[in-house]
Amino acid sequence: MAIDYSILTNKKVDPNSVIPVRDQILQIAVYDEFEAYETYSRIIEKFGNITPFINIKEAEAVHYSVLIQLMQKYNIEVPINDFSTAIINIPNTIIECCELGVAGEINNISMYNNLLSFAVDSDIIDVLFKLQAASYNNHLPAFRNCVFNHYNNETTSGINQDDIMQRMQEYQDILNNVMSGNIDESFISSLFSKLNMSMVGGMVSGGAIIALLNNFLTQNSKDEE
């Protein structure tokens, strides 16, 4: 059965597709991990072996390897890693790459929420939870800290505080929806456009938002304890 690359690109299971749900789950997951691995690889090619990209790149390789093992177990076709030869637009600065990493990892977490809502096999559920936890507990904080540390060293003079607070509220709404699972394509689009702060301006407001993200994740962890 041919792989439906439109489903892989949308990163959501289509229960009405002729492709079995189990196949979709694993193909979507591995395709997303391919994309992350190749994106971080291109960043390293451009800027050198910088952290946190060098460590997270290796983790992504482990992630897709584990998924491929599951696909082999269930005799599921592995999609072609066409990201290895595709043109991937890499930002011009490291800070922009870190912001891209923040958005990408939150997108990844949201994707796993969707996949887990359809998974029924215990071994697949276990792997998906572990991969999502790696993004939430390790990758996202690493990129978040990269951005926060950068903006924390920037001057705050001449910035409209009302604009900062307004953007903070926008991010709070997005993050609340991400972590509750109430997220769709419009939220993902908004996430990428808003989190890539250096590209659209507002350097200090960007730092304020990442600080908010830091507080949000910390509070979320305390609530789960």
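Coordinates for the structure precede this section.
Below is a summary of the structure that appears in this document.

Turning our attention to unusual backbone geometry. The amide bond that connects T51 to the next residue, P52, takes the cis arrangement and shows omega of 0 degrees. Its place among the elements puts P52 in the loop between α2 (21-47) and α3 (53-73). The residue K11 is not glycine, and still its phi comes out positive at about 60 degrees. A relative accessible area of 14% places K11 in the buried class. Even without a glycine there, the phi angle at N75 is positive, about 55 degrees. Mapped onto the elements of the fold, N75 is located in the loop between α3 and α4 (94-116). The class for N75 is exposed, based on a relative accessible area of 71%.

Here we take up α4. Relative to the 33 Å expected for 23 residues at 1.5 Å per residue, α4 spans 33 Å between its end C-alpha atoms, a close match to the ideal helical length. Most of α4 sits inside the fold, with 19 of its 23 residues counted as buried.

Mapped onto the elements, I43 comes out in helix α2. Between the C-alpha atoms of I43 and I54, which are eleven residues apart in sequence, the distance is 9.2 Å.

Cut-offs and rules
Residues numbered from 1 in each chain as written. Predicted model: local features only at pLDDT ≥ 70, side-chain atom pairs only at ≥ 80, totals over all residues. Heavy atoms only, no water. Helix = DSSP H or I, 4+ residues; strand = E, 2+ residues; numbered from the N terminus. Buried < 20%, exposed > 50% of the residue type's maximum accessible area, 1.4 Å probe, protein only. Expected span 1.5 Å × (residues − 1).

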